[in-house]
Each structure stands twice: as structure tokens, then as C-alpha cells.
Protein chains: 2
Amino acid sequence: MSTVNIGIVGLGTVGAGVARIIKRRHEDFLRHEGVDLHISRVASRNDKAARELGLASVFTTDWHDVVNDPEVDIVIELIGGTGVALDVVKGAIDTGKHVVTANKAIMATHADEVLGMAREHGVQLECEASVGGGIPIIASLERSLVSNEITSVVGILNGTTNYMLTRMAEDGMSYADALARAQAQGFAEADPTADVDGFDAANKIAILASIAFNTRVTLSDVHSEGIRSISSVDMDNARKMGYTIKLLAVAKRLPQGIDVRVHPAMVPLSHPLSAVNGVYNAIYVVGDSVGDTMLYGQGAGAGPAASAVVGDILEVARRIKEGGRSIGSTTTERLPILDQNDLSARFYIRMRVADEPAALASIADVLATCKVSILTMSQHGAVDGVAEIVFTTHHARIKDVMTSLDVVRTIKSVRGLESVIRIEGVE
Amino acid sequence: MSTVNIGIVGLGTVGAGVARIIKRRHEDFLRHEGVDLHISRVASRNDKAARELGLASVFTTDWHDVVNDPEVDIVIELIGGTGVALDVVKGAIDTGKHVVTANKAIMATHADEVLGMAREHGVQLECEASVGGGIPIIASLERSLVSNEITSVVGILNGTTNYMLTRMAEDGMSYADALARAQAQGFAEADPTADVDGFDAANKIAILASIAFNTRVTLSDVHSEGIRSISSVDMDNARKMGYTIKLLAVAKRLPQGIDVRVHPAMVPLSHPLSAVNGVYNAIYVVGDSVGDTMLYGQGAGAGPAASAVVGDILEVARRIKEGGRSIGSTTTERLPILDQNDLSARFYIRMRVADEPAALASIADVLATCKVSILTMSQHGAVDGVAEIVFTTHHARIKDVMTSLDVVRTIKSVRGLESVIRIEGVE
């Protein structure tokens with residue numbers, strides 16, 4: 001039996017959840033794992049949560065008190081962001097403490113730095129809760145699947161947008177109504193930018209790509225598009241074509257480098273990711289030995305995130321107990337990040353076009369000139385002389401598609417380029 | 001950098017797969033993990049595979065040569081069964097070697113013994129490949145999800161039967177045709193007993209239940225029914241009712257003890273497990289903090305199993321490098337295993353009945369007397385004076401259902417009790 005002292009910085013919903021699990025399951029952890037987890041210090045802006053959790057006696061408003069407490073073995077950083085949180089993580093490592101964090105921003109932008117520091121100081125740094133809530137994706141990529149050369153990681157990593165897209169697909173809601181519903185349910189912030197513009201998912205796929213491909217991928221490497229332009233018309237068209245629309249976070253290892261991006265995509269209804277609905281997340285991983293695997297679960301919320309944080313705490317505690325020196329891990333490759341323009345993809349393109357005989361021919365001509373090959377075309381009933389045309393393309397160079405669309409926009413009979421959405425086989 | 005010497009016992013498809021991964025990715029493991037994996041001894045019945053793999057110089061036909069080799073750090077047991085394989089595992093632990101095994105039979109019947117020995121000798125014993133091929137389910141239950149009180153583990157754990165049931169559901173095949181197809185594709189053995197009678201899945205759910213609930217569950221504790229009695233008529237009826245039929249391996253923690261069983265079940269089409277088709281496996285886990293999670297992937301085959309074995313090898317190698325003393329894990333609870341008769345379930349019951357006015361009344365009367373409450377009843381067109389009747393029940397005590405069916409069988413107008421299948425909400 002060994003006592004492991006925990007210092008928690010940040011007592012929001014996740015921090016409170018962590019404290020509750022440790023309290024509720026203390027005897028189980030002692031009996032099953034031989035680990036006596038003890039919360040010896042908590043820092044937060046005010047003492048309300050600490051009082052409610054019976055932790056008033058170890059409460060402080062100054063995070064330095066946690067990081068500098070010689071009794072604390074593991075610092076749990078649950079503030080978020082890259083301001084004070086980064087100081088906490090680095091400060092803790094500097095004083096020789098192990099760190100467990102749920103901080104996606106730090107791990108997507110400063111992973112090399114903090115993991116390098118952890119390795120230098122021989123301490124552990126775990127971050128399972130930074131991606132996919134309670135889904136054990138990081139541990140799986142770092143351990144069970146590490147025997148594989150991973151070729152592809154495709155995730156639904158943002159619960160807010162997945163909830164919205166599910167409401168649009170299942171209930172025919174507009175984007176605006178789906179956002180309002182998500183906000184009313186507490187699934188979306190008043191300012192939904194981080195979610196709907198794809199930044200949250202971009203942070204997470206940067207983390208997963210780094211681990212899966214053992215190379216440095218940071219937030220700024222991720223090409224990112226959000227879901228603001230998705231309409232219920234597109235959702236209808238997707239279903240008719242055998243697809244649904246999901247905000248995908250994609251990381252692929254290609255011979256020439258890493259393709260990493262976040263964007264809405266048409267996903268075939270036959271693919272397991274198409275059935276991941278509501279606030280659920282899932283990560284589809286393809287490896288050279290394991291083949292296709294998928295991990296699915298709740299990607300957000302106090303319970304799932306706290307589950308992952310306490311899982312990390314117990315892992316660190318076991319290793320403290322075993323008495324070895326932590327080796328740590330940093331990425332060892334420096335694979336190039338590929339420019340999306342140079343890659344190819346299939347596209348769904350919807351536009352409003354004057355119902356004139358020559359219109360279609362001139363659009364087809366532009367696409368052909370730009371080497372964008374059309375797979376299907378369908379035209380929907382004209383209203384007031386304007387028809388809606390939907391094209392799907394074969395694989396085409398993305399740069400060529402964008403160039404062709406710039407020209408299409410200038411065609412007089414084209415009244416509006418409504419949607420351009422990638423079609424993924426999710427292979 | 002540290003050299004870790006591997007001794008492999010059993011060079012069948014999985015053993016050869018392991019050797020190939022170690023050869024192919026040797027430089028990656030060295031660079032990324034700082035581990036120099038070296039196959040220093042292999043034992044097999046003949047030297048064919050060893051010669052093909054370039055391992056002729058370290059080949060032996062006597063497994064003792066591997067276990068007693070002082071240079072070997074980790075013994076990889078890939079023979080299977082509980083005969084020689086158990087001697088290998090125990091022999092390896094006795095000589096202070098770490099063990100990685102894919103052996104479900106040993107882990108479902110002798111886990112306490114071998115894990116206890118490993119703990120005593122301070123060596124690691126890993127067995128990820130024993131359940132679900134390359135799916136990281138054991139590591140996830142032991143680590144990332146260990147913060148949870150797990151309440152339910154429901155798996156599709158046998159690829160052969162899932163392939164057969166998928167063919168029956170999608171192509172309308174009979175059981176016999178589906179079995180013949182599975183055998184032709186190499187997914188089923190000439191003697192399919194272990195798969196179709198549920199024994200393979202029973203071994204695996206015993207292992208998962210032990211880990212998830214931290215209590216001793218062995219093969220003999222698992223109530224087991226196979227799929228031999230499932231017909232295409234049942235599959236059709238299931239679909240009409242909004243279900244599909246899967247061979248489920250279920251382990252639930254109830255207030256009074258552990259409910260553990262393998263049987264075919266109607267699974268709602270809205271549940272993620274219903275979409276797990278072909279040779280794929282999946283495990284649906286519910287925990288008090290994490291909520292619902294599912295892990296999905298290929299449950300069999302040389303690649304996935306070798307992926308899991310090498311993942312375990314690298315985990316052991318990292319811990320050797322870190323220099324701590326392995327603590328090991330054995331179950332610490334002794335929860336009672338519940339008798340299925342005392343539990344309750346919902347049932348689908350199909351019978352052939354003489355098309356007489358009194359027939360239905362007498363069946364309904366028997367069910368009511370036995371406290372089995374009918375939820376739905378449907379009667380299908382009589383042929384030659386015999387109709388097919390399908391009942392679904394509310395939750396009823398299983399013993400009562402079985403008693404009622406014993407009486408129903410004796411009713412003169414009942415010509416045949418064709419199918420009795422559980423209906424699972426998979427909650």
C-alpha cells in the first residue's frame with residue numbers, strides 16, 4: 001500500500017468530478033490497486049466548490065501553493081487554455097511532480113516542450129482527457145496499438161457539432177435552430193466559435209496525429225473548416241445519396257507526409273462513423289496489423305472527462321508504486337505536413353443556376369478545363385427560373401477544384417455557389 | 001536503449017505474425033520506444049515456419065529451451081489450450097520471466113493461479129490478445145476505465161458466429177448455409193462446436209467479467225447457449241420487430257452478484273452493437289462515470305492478434321526499461337455468480353400451433369398461471385391447419401418462463417416449440 005498525494009488546480013465541473021470519484025471509490029482503489037489516493041491540496045478562484053466537496057481545509061486560491069507543496073506527488077491541471085495552465089504544468093514538472101491534464105490546447109500547441117521537460121525530469125505527463133472525454137483513445141494509441149504503423153485516424157471529436165448535425169439529419173432542423181437547441185441544452189457555449197468553426201476538433205486531431213504518427217503536429221498544422229455553411233438541403237441531399245454529414249477530424253499518413261484536417265464531410269451510411277450521433281464521439285483508427293478499429297463514447301461532460309483523469313492518476317500512481325524511473329515519450333519523427341491544395345478529394349457541389357439551356361454546358365466546360373471530372377449531376381425543379389444543381393466529382397486535385405469554382409462563380413447564369421462539401425469513403 | 005530478448009513458443013499464424021511485426025518495425029521500436037526487441041529463441045513442433053522467418057538458428061522443438069534460456073526476458077505463449085501451454089506459462093513465471101499470452105482458455109480458467117504466481121515473482125503477465133483480437137479492451141478496462149465502477153460489459157466476441165448471423169440477416173441464408181459459407185471462407189473450423197455453441201465467447205466474457213468487476217469469474221460460471229437453433233424465420237421476425245439477432249456475451253454487476261452469460265439475443269437496430277457485422281467484434285462497456293463506451297475491431301486473424309501481442313510485448317519492455325518492480329494484479333473481490341433461473345429477462349417465443357379456436361387461449365392461460373406476462377402476440381397464416389405464433393414477453397423470471405414452456409410443450413394443439421430467444425435492450 002502506498003499513499004499518493006494529489007493536488008488539483010481548477011475545481012470546475014471536471015475538477016469536482018475528479019474529487020467526487022476519488023472520494024467515492026477511495027476504498028476500492030485502496031483494495032484493488034493498493035493505492036491510497038489522497039487529495040492534499042486544491043486551488044481554485046473561490047472556495048465554493050472546495051467547501052461543497054469537503055475540501056475547504058486544503059483549499060488555496062494560489063496555484064503556486066499546490067505546485068510548490070513538497071507533499072504533492074501528482075498535479076492535476078484542469079484550468080484549460082495556454083495561459084496560467086501552462087505555467088502550472090511547467091511549474092509542476094520543474095518541481096519534479098507528475099502531471100495529469102485534460103488540456104487540449106497545451107497538448108496541441110506545446111506538447112514537445114512539456115513532454116520534453118517531463119522526460120528530462122523523469123516524471124510522467126498524462127493527458128487522456130484532452131481528447132474524446134472518457135474514450136481510451138490516447139492510451140490505446142500509445143500502448144495497445146503501438147505495434148502498428150497507423151495509416152489513418154478519423155474522428156468525430158466535437159460533441160456540440162455532432163449534436164447539431166444529428167438534429168439537422170434526424171429532425172430536419174436548420175443550422176440556426178440546431179445551434180439554438182444545442183445552446184438551450186447546454187451543449188453549446190453562448191459564443192459557439194470554438195466548436196462550430198472546427199477549432200476544438202482541430203486541437204484534438206493535432207494531438208492524435210502526433211501520437212499516432214509519432215511526429216510533431218500542432219494546431220497550426222491543421223486545415224480547418226467548420227459547419228456554419230451546412231444547410232438542411234445538403235443534409236437531405238446527403239441522405240438521398242446514401243450519406244450523412246459529419247464534422248470529421250482526419251489525419252492520414254501518406255507516403256509524402258501527413259494530411260491533417262477538420263471539415264464537414266459526407267460519410268457513407270454504411271460506415272460505422274455515420275451512426276455516431278448526438279453528443280457521442282468516436283475515433284476510427286486503421287493500422288497495418290490491427291486493421292480497422294473504432295472507439296466510441298461520450299466525448300464531453302464532467303463524468304467522462306473525470307473518468308479519464310482518474311484513470312491517468314491511477315496509472316501514474318501505479319508507476320510511482322512500482323518504483324521505476326519514467327522514460328516519457330516525445331515524438332521522434334519530423335514528417336512534413338502536406339498542403340491541402342496538393343492533395344485530392346471527392347466533392348459534393350451545390351449551386352443555384354438560371355434555368356437556361358447553356359448554363360449547364362458552361363459549368364461542365366469549366367470543370368473539365370480544370371481537370372475536375374464529374375461523377376453525377378442532378379438538377380432540381382426550377383423556381384422563378386432558377387434551378388438547383390448538385391454535382392459530385394471523382395477524386396480531383398483540391399487546388400483544381402477551388403480554381404474551377406472561382407471561375408464557376410463568375411459565370412453569369414450561376415446565381416449562387418451554395419455548398420462545397422467533401423465526400424469521404426473513410427477508407 | 002535497452003535490448004529485450006523475446007522467446008516465442010508456438011509459431012502458428014499468430015506467432016509468425018508477431019515475428020514479422022518485430023522484424024518489420026524493429027527500427028521504429030528502437031527509435032520511438034528506445035527498445036531493441038530481439039527474438040532470441042523460438043519453439044515449435046517443426047522448423048518450417050522458423051526457416052521461412054529466418055529464425056532457423058534460434059529454433060528448437062522443446063519449449064523448455066525457451067523457458068530455461070537465461071537470456072530470454074519475455075516468453076510469448078502462443079500454443080493455446082490448457083495443456084502444454086499452461087506448463088509453458090507457469091514454467092516461464094517460475095524462472096522469473098515476464099509472459100505475454102493470447103491464451104483465452106488459460107485466462108478463463110487459471111487466471112488467479114497464473115496472475116498470483118506472476119505477482120509473487122514480480123513479473124508481468126499480459127493477455128490483450130486473448131479477447132477481441134486487436135481491440136484494446138483489456139488494457140482499457142485495466143487502465144483508462146479503472147476509475148469506473150463498471151456495471152455492464154456486453155460483447156460480440158466471436159467472429160465466426162457473427163459472420164454467420166450477418167449472412168443470415170443480410171442474405172436470408174439458413175443456418176446450415178451460413179455455416180458452410182463460414183467454413184468455405186476459413187472463418188469456421190471443420191468442427192465448429194467451440195464457436196457455434198458459445199464456448200469461445202464464454203471464455204472471453206469470463207476474462208472480461210473478472211477484470212471489469214475485479215472478481216473471480218471462470219468459464220464454468222458462464223451460462224452458455226449457442227446459435228444452432230436460430231433460423232432464418234427468426235431473423236426475419238426480428239427485423240420486422242426492429243431487432244437483429246446477435247450472439248451476445250453479457251456480464252452485468254447486479255446488487256446481488258454477477259450475471260454472466262452467452263446466448264443469442266434480439267438486439268434493437270438502434271443499438272450500436274446491432275451494426276457490428278461480419279467477422280468484427282465489439283465490446284459495449286457501461287461505467288458509472290464514463291457512461292456508455294464501445295470498442296470495435298477485428299476479433300480474430302493473425303494481424304489483429306499479433307498487433308495485440310506485440311503491443312503487450314512493448315508494454316512489458318518499457319516497464320523492464322523503467323526498472324520498477326511489477327506489482328501485478330489479481331482479483332480482490334469474491335462476488336457471487338447468480339443463477340440464471342433467479343434472474344428475469346424478456347423473451348421472443350415462436351411455436352407451431354394447430355389452427356383451433358381454443359389453442360391460443362390455453363397457451364395464454366399457461367403463461368399467465370406461470371406469471372409470464374405477454375407483451376405482443378402475432379399469428380401467421382395457417383398451412384395445413386397449423387399456424388405459427390410469435391409471443392414476446394415482458395420481463396419475467398427466467399425460471400417461470402422455462403416452467404411455462406415445459407407445460408406449453410404438453411398442450412395437445414402445440415405442434416412444436418421452435419424458438420426461445422432473449423430480447424435485450426442492451427442497457
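Residues take numbers from 1 onward in each chain, read along the sequence in its written order. By the order in which they are written, chains take letters starting at A while ligands take numbers starting at 1. In view of the model being predicted, local features appear only for residues whose pLDDT reaches at least 70, and side-chain atom pairs are presented and counted only at 80 or more, with totals across whole chains, interfaces and linings using the full set of residues. Excluding hydrogens and water, the side-chain values take into account all heavy atoms of the structure.

Draft legend 1. Region of the structure containing the overall build of chain A. In this description a helix means any DSSP run of H or I spanning at least four residues, a strand means any run of E spanning at least two, and both kinds are numbered starting from the N terminus. When helices and strands are tallied, chain A shows 16 helices and 17 strands. Computation of the radius of gyration draws on C-alpha atoms alone. For the globule rule, the value is 2.2 Å times the number of residues to the power 0.38. Taken over C-alpha atoms, the radius of gyration comes to 24 Å for chain A, in line with the 22 Å a tight globule of 427 residues would show. Its C-alpha atoms give chain A principal-axis dimensions of roughly 80 × 45 × 35 Å. Within chain A, contacts between residues separated by at least 24 positions form 74% of all contacts whose residues are at least 6 apart in sequence. Two residues form a contact once any of their heavy atoms are found within 4.5 Å.

Draft legend 2. How the structure looks around the interface of chain B and chain A. Facing the 54 residues of chain B at the interface are 54 residues of chain A. A simple way to read buried area is as the amount of 1.4 Å-probe accessible surface that goes missing from two parts once joined, with both sides added. When the two sides are added together, the surface that chain B and chain A hide from each other amounts to roughly 4,400 Å², 49% of it contributed by carbon and sulfur. In what follows, salt bridge is the name for a side-chain nitrogen of Lys or Arg lying within 4 Å of a carboxyl oxygen of Asp or Glu. Where chain B meets chain A, there are 8 salt bridges. Across the pair Arg24(B) and Asp288(A) runs a salt bridge whose closest N-O atoms are separated by 3.2 Å. Any pair of nitrogen or oxygen atoms within 3.5 Å is treated as a polar contact; in protein, a donor-acceptor pairing is required on top of that, and neighbouring residues in sequence qualify only through side-chain atoms on both sides. Where chain B meets chain A, there are 28 residue pairs in polar contact (both at pLDDT 80 or more). It is helix H14 (residues 302-322) of chain B that contributes the most residues to the side of chain B that touches chain A, 11 residues altogether. Grouping the constituent residues of the side of chain B that touches chain A by class yields 17 nonpolar, 19 polar and 18 charged. Think of it as three bins: nonpolar holds Ala, Val, Leu, Ile, Met, Phe, Trp, Tyr, Cys and Pro, charged holds Asp, Glu, Lys and Arg, and polar takes everything else, Gly as well.

Draft legend 3. Structural detail: the sheet that holds strand S2 (residues 35-43) of chain B. Note on pairing: DSSP must find at least two bridges between two strands before they are called paired. The strand order across the open sheet formed by 6 strands is S3-S2-S1-S4-S5-S6 (chain B), and the pairing between neighbours is parallel. Of all strands in the sheet, those bounded by a partner on one side alone are strand S3 (59-60) and strand S6 (125-126) of chain B.

Draft legend 4. Quick peek at the relation of the copies chain B and chain A. Least-squares superposition of the copies uses the C-alpha atoms of those residues scoring a pLDDT of at least 70 in each of them. For the pair chain B and chain A, the best superposition has an RMSD of 0.0 Å and corresponds to a rotation of 180° with a translation of 0.0 Å parallel to the axis. Put plainly, the chains are arranged around a two-fold axis. Relative to the rotation axis, the closest C-alpha in chain B is found at Gly324(B), a distance of 1.8 Å. By residue overlap, the copies meet face to face through one surface: 100% of the interface positions of chain B are interface positions in chain A.

Draft legend 5. Quick look at the environment of Lys48(B). Checked against the element boundaries, Lys48(B) lands in helix H3 (residues 48-52). Sequence separation between Lys48(B) and Leu11(B) is 37 residues; the distance between their C-alpha atoms is 9.2 Å.

Draft legend 6. Examining the environment of Gly186(B) more closely. All names here are of chain B. Structurally, the position occupied by Gly-186 is in the loop between helix H10 (175-184) and helix H11 (193-196). On the basis of relative accessible area, Gly-186 is assigned to the exposed category, the value being 58%. Considering only alpha carbons, one finds Gly-186 and Thr-160, 26 residues apart in sequence, at a separation of 9.3 Å. Residue burial is assigned from relative accessible area. The probe radius is 1.4 Å, only protein chains are included, and a residue is buried under 20% of its type maximum, exposed over 50%, and partly exposed in between.

Draft legend 7. Layout of the pairing of strand S10 (residues 257-268) of chain B. Residue and element names in this part refer to chain B. Buried residues dominate S10, accounting for 12 of its 12 residues. Bridging between strand S8 (residues 223-224) and S10 involves 2 bridges; their strand directions are parallel. Across the sheet, Ser-224 pairs through a bridge with Val-262, a residue of S10. For strand S9 (residues 243-254) and S10, the ladder comprises 12 bridges, and the chain directions are antiparallel. Paired with Thr-244 across the two strands is Val-267, which belongs to S10. In this antiparallel pair of consecutive strands, S9 and S10, the connection spans 2 residues. Pairing analysis gives 2 bridges linking S10 to strand S17 (residues 414-423), with the strands arranged parallel. Within S17, the position partnered with Met-266 by the bridge is Ile-423.

Draft legend 8. Summary view of the packing of aromatic side chains. All names here are of chain B. Under the pairing criterion, centres of Phe, Tyr and Trp rings, with the six-membered ring standing for Trp, must be within 6.5 Å; the plane angle then separates stacked pairs below 30 degrees from edge-to-face pairs above 60, leaving the rest tilted. Going through the model one piece at a time under the given rule, you end up with 4 aromatic pairs over all chains. A ring pair is formed by Tyr-163 and Phe-187, whose centres lie 4.8 Å apart and whose planes are at 65°; its orientation type is edge-to-face. Residue Tyr-163 is found in helix H9 (residues 159-171), and its partner Phe-187 is found in the loop between H10 and H11; the two are separated by 24 residues along the sequence. Taking the centre distance of 4.9 Å and the plane angle of 10° together, the rings of Tyr-280 and Tyr-296 count as stacked. Taken as a pair, Tyr-280 in strand S11 (residues 280-287) and Tyr-296 in strand S12 (residues 291-298) lie far apart in primary sequence, 16 residues in all. The exposure class assigned to Tyr-280 is buried, which follows from its relative accessible area of 18%. Criterion for a charge above a ring: Arg CZ or Lys NZ at most 6 Å from the ring centre, at most 35 degrees from the ring normal. The ring of Tyr-163 carries the charged tip of Arg-167 above its face, separated from the ring centre by 5.5 Å.

Draft legend 9. Region of interest: the sheet that holds strand S6 (residues 125-126) of chain A. All names here are of chain A. What the 6 strands build is an open sheet, ordered S3-S2-S1-S4-S5-S6; its pairing is parallel. With one partner strand each, in any of the chains shown, strand S3 (59-60) and S6 form the two edges of the open sheet. Taken together, the 2 bridges between strand S2 (residues 35-43) and S3 define a ladder with parallel strand orientation. Counted as the bridge partner of Val-42 is Phe-59 from S3. Sheet strands in contact with helix H5 (residues 84-94) are strand S1 (2-9), strand S4 (74-77) and strand S5 (98-101), and its direction is about 170° off that of S4. Axes here mean lines fitted to C-alpha atoms, for a helix over just the part in contact, with angles spanning 0 to 180 degrees between N-to-C directions.

Draft legend 10. Highlighting the side chain of Ser144(A). Here Ser144(A) shows up in the loop between helix H8 (137-142) and strand S7 (150-156). Here Ser144(A) falls in the buried class, since its relative accessible area comes to 9%. For Ser144(A), the contacting residues outside a window of four places in its chain are Ala139(A), Glu128(B), Pro136(B), Ala139(B), Ser307(B) and Gly311(B).

Draft legend 11. Region of the structure containing the nonpolar core. We define the nonpolar core as a collection of buried residues of types Ala, Val, Leu, Ile, Met, Phe, Trp, Tyr and Cys that are connected through side-chain atoms lying within 4.5 Å of one another. Counting residues in hydrophobic clusters, the biggest one holds 154 residues, and the most contacted among them are Ile137(A), Ile205(A), Leu208(A), Ile137(B), Ile205(B) and Leu208(B). Counting residues in each nonpolar core, the second largest holds 36 residues, with Ala16(A), Ile39(A), Ala50(A) and Leu55(A) among its members.

Draft legend 12. Spatial organisation of the pattern of salt bridges. All names here are of chain A. According to the stated counting rule, one finds 64 salt bridges over all chains in the structure shown. A salt bridge links Asp-197 to Arg-228; its shortest N-O distance comes to 2.8 Å. In this pair, Asp-197 is assigned in the loop between helix H11 (193-196) and helix H12 (199-213) and Arg-228 in the loop between strand S8 (223-224) and helix H13 (232-240), connecting sequence segments 31 residues apart. Looking at Asp-197, the relative accessible area reads 18%, which means it is buried.

Draft legend 13. Structural context of the packing of helix H14 (residues 302-322) of chain A against H14(B). Remark: H14(A) packs on H14(B), axes separated minimally by 11 Å, with the N-to-C direction vectors making an angle of 45°. When the interaxial angle is binned, H14(A) and H14(B) end up oblique. Of the two elements, H14(A) crosses H14(B), and the hand of that crossing is right-handed. Between H14(A) and H14(B), the residues in contact are Glu315(A), Arg319(A) and Glu322(A) and Glu315(B), Arg319(B) and Glu322(B), respectively. Considered class by class, the residues forming the contact of H14(A) with H14(B) number no nonpolar, no polar and 6 charged. The labels follow the angle: roughly parallel below 35 degrees, roughly antiparallel above 145, roughly perpendicular from 65 to 115, and oblique for the rest. By definition, any crossing whose near helix is turned counterclockwise from its far helix by less than a right angle is left-handed, and any crossing with a clockwise turn is right-handed.

Draft legend 14. Spatial organisation of H10(B). Residues and elements named next belong to chain B. Those residues of H10 that fall on the buried side of the exposure criterion are Tyr-175, Ala-178, Leu-179 and Ala-182. On an axial view of H10, the arc spanned by its buried residues comes to 100°, and they lie on one face. Gly-186 lies just past H10 and shows a positive phi near 80°. By arc we mean the arc of the directions from the helix axis to the C-beta atoms, nothing more.

Draft legend 15. View of the domain arrangement of chain A. Note that the domain bounds were set by an automatic or database domain assignment. Split into domains, chain A comes out as domain 1 (2-133 + 302-322), domain 2 (138-298) and domain 3 (341-423). For domain 1 of chain A and domain 3 of chain A, the distance between their C-alpha centres works out to 52 Å.

Draft legend 16. Quick peek at the confidence of the model for chain A. The predictor rates its confidence in each residue with pLDDT, a number between 0 and 100. Counting all residues, the mean pLDDT for chain A is 95, and 100% of those residues have values of 70 or more. Model confidence for the complex: the whole-complex pTM is 0.96, and ipTM, which rates the interface, is 0.95.

Draft legend 17. Region of the structure containing the environment of Val100(B). Residue and element names in this part refer to chain B. Inspection of the secondary structure puts Val-100 in strand S5 (residues 98-101). The spacing of Val-100 and Gly-81 is 19 residues in sequence and 15 Å in space, taken between C-alpha atoms. The residues contacting Val-100, other than those within four sequence positions of it, are Ile-74, Val-75, Ile-76, Glu-77, Glu-126, Val-309, Asp-312, Ile-313 and Val-316.

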